[in-house]
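Observations on the three-dimensional arrangement
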Number of protein chains: 2
Amino acid sequence: MYSGYITVEQSAGRSLFYLLQEAPEEAQPAPLVLWLNGGPGCSSIAYGASEELGAFRIKPRGAGLFLNEYRWNKVANILFLDSPAGVGFSYTNTTSDLYTSGDNRTAHDSYSFLAEWFEKFPHYKYRDFYIAGESYAGHYVPELSQLIHRKNKGVNKPIINIKGFMVGNGLIDDYHDHRGKFQFWWNHGLVSDDTYRLLNDSCLHDSTVHPSPACAAALNVYKGEHGNIDLYSIYTPTCNETAASRRRPNGRYPWMTGSYDPCTERYSKAYYNRQDVQRALHANVTGAINYTWATCSNTINRNWRDAPSSMLPIYKELIGAGLRIWVFSGDTDAVVPLTATRYSIGALGLPTTISWHPWYDVQEVGGWSQVYKGLTLVTVRGAGHEVPLHRPRQALIMFQHFLKGMPMPG
Amino acid sequence: MYSGYITVEQSAGRSLFYLLQEAPEEAQPAPLVLWLNGGPGCSSIAYGASEELGAFRIKPRGAGLFLNEYRWNKVANILFLDSPAGVGFSYTNTTSDLYTSGDNRTAHDSYSFLAEWFEKFPHYKYRDFYIAGESYAGHYVPELSQLIHRKNKGVNKPIINIKGFMVGNGLIDDYHDHRGKFQFWWNHGLVSDDTYRLLNDSCLHDSTVHPSPACAAALNVYKGEHGNIDLYSIYTPTCNETAASRRRPNGRYPWMTGSYDPCTERYSKAYYNRQDVQRALHANVTGAINYTWATCSNTINRNWRDAPSSMLPIYKELIGAGLRIWVFSGDTDAVVPLTATRYSIGALGLPTTISWHPWYDVQEVGGWSQVYKGLTLVTVRGAGHEVPLHRPRQALIMFQHFLKGMPMPG
């Protein structure tokens, strides 16, 4: 495990933090996969590495770590990046940067990071390279992929040997995402008939990141209607004060699916604010983070600038370039729901190679999949927004098939 | 607990089996509630009484019973009826009856049953009486309610003192049910874009019970796409040969929600075929059931005759008559899904009294509810087709509020 900083902009003092979890010796040379979380403003160390696909998960109250049985670094070298500067352990010495983040700079800083990182880890040069991520990384992943692809053009043997990308419960296209999102809410009973109509009238043509006042008002009505549920996983319990008291003697929750702990998000906050942990990770070495470490930066999130309304043109360009592109969706997420993804992918109008079909994990349906010419869509049954958190085994199976470029097991 | 037969048609030898589970002394005089299961062809003893709201549930392999903590007879006297003749322990001495069952005779036989039953249990005469049921009982419940209501007309103090009814995941109106059902499937990823279109083209104006050949063909394509999942509860594991082997050492299933056993349906078949059990229940006393007892009769199901395409006219009549009407929906059922129910209720065009809102069980959202003038709609979050099976505590809370005529707890 390696971790540390790479400065991406000397003059501004923007420095990005990474964590590398390598595959075991016997699996090498395995591909290198960059994992990005969204927000915008959320830490890949807090989410991806610490509660989803990373090698370790964090114990209650940040007391320590335990091994994740379904860690993705069983089959690939996983590089987690806190991006952009101001997120997680990544920082900037220019405060105004926090108020001017956007898609474009995020992509370019990430590219600078990678160029430098490969110099530090030269044995990964020319290695098969993939980018994966979820949620708002539905923007970061194709944008960075496009930048790498374009920079690689005409280069005979590119150092950043990008082969493809994978996006889970990601933003793809504002119009189609909105349409599908509202329909998903109505179909799952989260919204009234009246508010469903209001949302379609007020938000359909809005930007997801920059909604109009009318759309924001409609979303506020919706908020009152869905009540206190975890929108990122609509059938699991929420983390609240009585969550602990509702634990059964055997340590499980009466409402819970599998062994999911709804308070898991709190633990990384406790853990990564420990000074011994920061020292061990070579994090915050300059003391630039003189504030409480947070899983997500509200400042970054609230001041986000450029956010293109559609990734579909990039999808088209990179499908044309022959990159391997997988889109997946945990089907019990109400934030970027399956229906949104279906509409957005549908808008690409790609021909079908393998029709919609269930995929299996032993005898259980893990979800459904459709293979298009140039893109594979995979759903994960019963998984929320963070697919590897709620369905860790199924997520690893999916990741393995992605790396092999094989359709999901029928 | 009482059980036995009432002959509803002497000449044909049609005899209906019932099971009464009374409320405890301290809860009396509690209302009397008739519970009906659908199919058509399925036994209320097998489903309602033995795996849903009944006082007892059946142990694996039919080895015995255990108490249901959330039994509905804590607050009401529950009368389970196997209906029509040919279903469960109910029988007919006229074989042709099995091939000519339909809604109309089912309602009239059930009425005859009740008239006679109240003579046997005279202390229930004039008692507040409700009918509840699920699935195809979405037909039986309003039809029988209507019949009772009409027979009561002009009677000063009716013996069958019907106050209202409650239907869960029930058929209401074929057109709106179809529309919502297909949309629910698409939103949950059970069906491809192409088949979704095909279903809308082929089935939308069909009868649910008697689909056209084109619609049957489309449904067959869908069947291939959804794969081996429990359509009645789309996020729980299926019962299959390895289900037992997949149990964890602590007796729980890796995939399962709460303590639901996906093989539960099998146990009633083992239990109710035991001769000692039949003797104890006064079931099959004449030996008319000289075949293996089944949870559902395929013969009845496949030969069903009259099935009106809409219950909405009955809803209108009985809302007008002031009956208390509740419709509920477990929101993870793909057989008669929430979306179907929303479209069907929407078609009534009733004014709203209390807007769509979450209802709470302690701090967790139990589901959502909307109160219309004359009808209350309640969803149960994470529950399948058999709501009291998957969310027993939430189902009992709902039942208690129904009996009190109170909106769900906000």
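Analysis parameters
- Residues numbered from 1 in each chain as written.
- Chains lettered and ligands numbered in written order.
- Predicted model: local features only at pLDDT ≥ 70, side-chain atom pairs only at ≥ 80, totals over all residues.
- Heavy atoms only, no water.
- Contact = heavy atoms within 4.5 Å.
- Buried area = accessible area lost by both parts, 1.4 Å probe.
- Salt bridge = Lys/Arg side-chain N within 4 Å of Asp/Glu carboxyl O.
- Polar contact = N/O pair within 3.5 Å; in protein donor to acceptor, adjacent residues only side chain to side chain.
- Helix = DSSP H or I, 4+ residues; strand = E, 2+ residues; numbered from the N terminus.
- Buried < 20%, exposed > 50% of the residue type's maximum accessible area, 1.4 Å probe, protein only.
- Pairing = 2+ DSSP bridges.
- Axes fitted to C-alpha atoms, helices over the stretch in contact; angles between N-to-C directions.
- Parallel < 35°, antiparallel > 145°, perpendicular 65-115°, else oblique.
- Left-handed = near helix turned anticlockwise from the far one by under 90°.
- Nonpolar A, V, L, I, M, F, W, Y, C, P; charged D, E, K, R; others polar.
- Core = buried A, V, L, I, M, F, W, Y, C linked by side-chain atoms within 4.5 Å.
- Least-squares fit on C-alpha atoms with pLDDT ≥ 70 in both.

Observations concerning the interface of chain A and chain B
At the interface, 55 residues of chain A touch 54 residues of chain B. Buried area between chain A and chain B, both sides added, is near 4600 Å², and the carbon and sulfur share of it is 47%. Across the chain A-chain B interface, the total number found is two salt bridges. Ionic pairing is found between Asp193 of chain A and Arg342 of chain B, a salt bridge with its closest N-O pair at 3.0 Å. Viewed at the interface, chain B and chain A are joined by 25 residue pairs in polar contact (both at pLDDT 80 or more). Secondary structure elements with two or more residues in the side of chain A that touches chain B: helix H4 (174–187), helix H6 (213–226), helix H11 (338–346), strand E11 (352–361), strand E12 (364–372) and helix H13 (392–404) of chain A.

So, the pairing of strand E2 (residues 14–21) of chain A
Residue and element names in this part refer to chain A. Most of E2 is tucked away: eight of the eight residues are buried. Side chains Arg14, Leu16, Tyr18 and Leu20 project from E2 onto one buried face, and the interleaved Ser15, Phe17, Leu19 and Gln21 project onto a second face that is buried too. Alignment of strand E1 (residues 2–9) against E2, held across seven bridges, turns out to be antiparallel. By the bridge assignment, Tyr5 is partnered in E2 with Phe17. Where E1 folds back onto E2 in an antiparallel hairpin, the turn is made up of four residues, including Gly13, whose phi is positive at roughly 75°. Where E2 lies against strand E7 (residues 91–92), two bridges are found, and the strand directions are antiparallel.

Details of the pattern of salt bridges
All names here are of chain A. Considering all chains together, one arrives at 20 salt bridges over all chains under this definition. With its nearest N and O atoms 3.8 Å apart, the salt bridge here joins Arg105 to Asp97. Here Arg105 falls in the partly exposed class, since its relative accessible area comes to 23%. Judged by its relative accessible area of 7%, Asp97 is buried. Notably, a salt bridge pairs Glu119 with Lys125, separated by 3.2 Å at the nearest N-O pair. By relative accessible area, which is 46% here, Glu119 ends up partly exposed. Overlapping salt bridges bring together Arg14, Asp97, Arg105 and Asp109 as one network.

What about the packing of helix H3 (residues 137–152) of chain A against helix H10 (residues 312–320) of chain A?
All names here are of chain A. At a minimum axis separation of 10 Å, H3 and H10 run at an interaxial angle of 40°. Here H3 lies oblique to H10, going by the angle between them. Judged by the twist between their axes, the crossing of H3 over H10 is left-handed. Listed contacts from H10 to Pro142, Glu143, Ser145, Gln146, His149 and Arg150 of H3 are Ile314, Tyr315, Glu317 and Leu318. Each residue belonging to the contact of H3 with H10 can be placed in one class, and the counts come to four nonpolar, three polar and three charged.

Some details on the nonpolar core
Counting residues in each nonpolar core, the largest one holds 153 residues, and the members touching the most others are Trp117 and Tyr315 of chain A together with Trp117, Tyr315 and Leu375 of chain B. Excluding residues within four positions of it along the chain, Trp117 of chain A makes contact with Ile6, Tyr18, Leu20, Leu32, Leu79 and Tyr124 of chain A.

Focus: the relation of the copies chain A and chain B
Mapping chain A onto chain B calls for a rotation angle of 180° and an axial translation of 0.0 Å; the resulting RMSD is 0.0 Å. Given the turn and translation reported, the copies of this chain are related as if by a two-fold rotation axis. Of the interface residues in chain A, 98% have counterparts in chain B that sit at the interface too, so the contact is made through matching surfaces.

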